[in-house]
Amino acid sequence: MSLFGFLVRMARKILENVLSGLMQQLNIVQDQALAPMRAMVQQVVGGIWIGQGANAFVEEVSSLMIPGVGQVMDHITFMSSNLQRAMDIIDDADKQAQSMASSLGDTFGNIVNF
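Predicted model only: the values in this text are computed from it and were never measured.

With 20 residues, the main nonpolar core has Ile66, Val69 and Met73 as its most contacted residues. The set of elements that each furnish at least two residues to this core consists of α1 (3-48) and α2 (52-113). Apart from the residues lying within four places of it in its own chain, the contact partners of Ile66 are Leu34, Met37, Arg38, Val41 and Val61.

The next thing to look at is the packing of aromatic side chains. For any pair of aromatic rings, the description rests on two quantities: the centre-to-centre distance and the angle between the ring planes. Inspection of the entire model under this criterion finds one aromatic pair. Ring centres of Trp49 and Phe57 lie 5.6 Å apart, and the angle between their planes is 45 degrees; this geometry places the pair in the tilted category.

Glancing now at α1. Under the 1.5 Å per step criterion, the end-to-end length of α1 is 64 Å for 46 residues, consistent within 8% with the ideal 68 Å. The largest bend along α1 measures about 30 degrees and falls at Gln30. Within α1, burial applies to Gly5, Val8, Leu15, Leu19, Leu22, Leu26, Val29, Leu34, Met37, Val41 and Val44.

Looking now at the side chain of Ser80. Relative to the helices and strands, Ser80 is located in helix α2. We classify Ser80 as buried; its relative accessible area is 11%.

What follows concerns the environment of Ala11. One can find Ala11 in helix α1. A residue is classified by how much of its surface remains accessible, and Ala11, at 29% relative accessible area, is partly exposed. Note: C-alpha distance between Ala11 and Asp91 (80 residues apart in sequence) is 10 Å.

Definitions and cut-offs
- Residues numbered from 1 in each chain as written.
- Predicted model: local features only at pLDDT ≥ 70, side-chain atom pairs only at ≥ 80, totals over all residues.
- Heavy atoms only, no water.
- Core = buried A, V, L, I, M, F, W, Y, C linked by side-chain atoms within 4.5 Å.
- Buried < 20%, exposed > 50% of the residue type's maximum accessible area, 1.4 Å probe, protein only.
- Helix = DSSP H or I, 4+ residues; strand = E, 2+ residues; numbered from the N terminus.
- Contact = heavy atoms within 4.5 Å.
- Phe/Tyr/Trp six-rings, centres within 6.5 Å; stacked < 30°, edge-to-face > 60°.
- Expected span 1.5 Å × (residues − 1).
- Bend = angle between axes of the 7 residues up to and from the residue.

Structure below.
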C-alpha cells in the first residue's frame, strides 16, 4: 500500500469515527433533551399543572426550547451530511488514484515488454 493510500484510508477512518460520534450526540439530544421536553409539555397540557404559570411554561418550552433543540439537531445533521459528502469525495479520489496507478503500471509494463 502506498503512502497516499494509507493516508486516504486513515482520513476515511477518522471521518467514520467523527460521523459515529455525531450520530451519538444527535441521539443524546433527541433522547435527553427533546423527548423529555415534549413529554413535560404533554403532561402540563394534560392537566398535571394548570393556571397562568402552566400556560407560560408550555408557551416558553414550545416556542423557545423545543425549536432551539431542533436547531441543534439540524446543525448536527447538516454537519454529518457534509462529512459524509467529504467521505464520498475521499472514496472517489482513492478510486481515481488507484485507477491511474494501475493505468501507469500497464503503460510501463507495455514499454518494458516492447
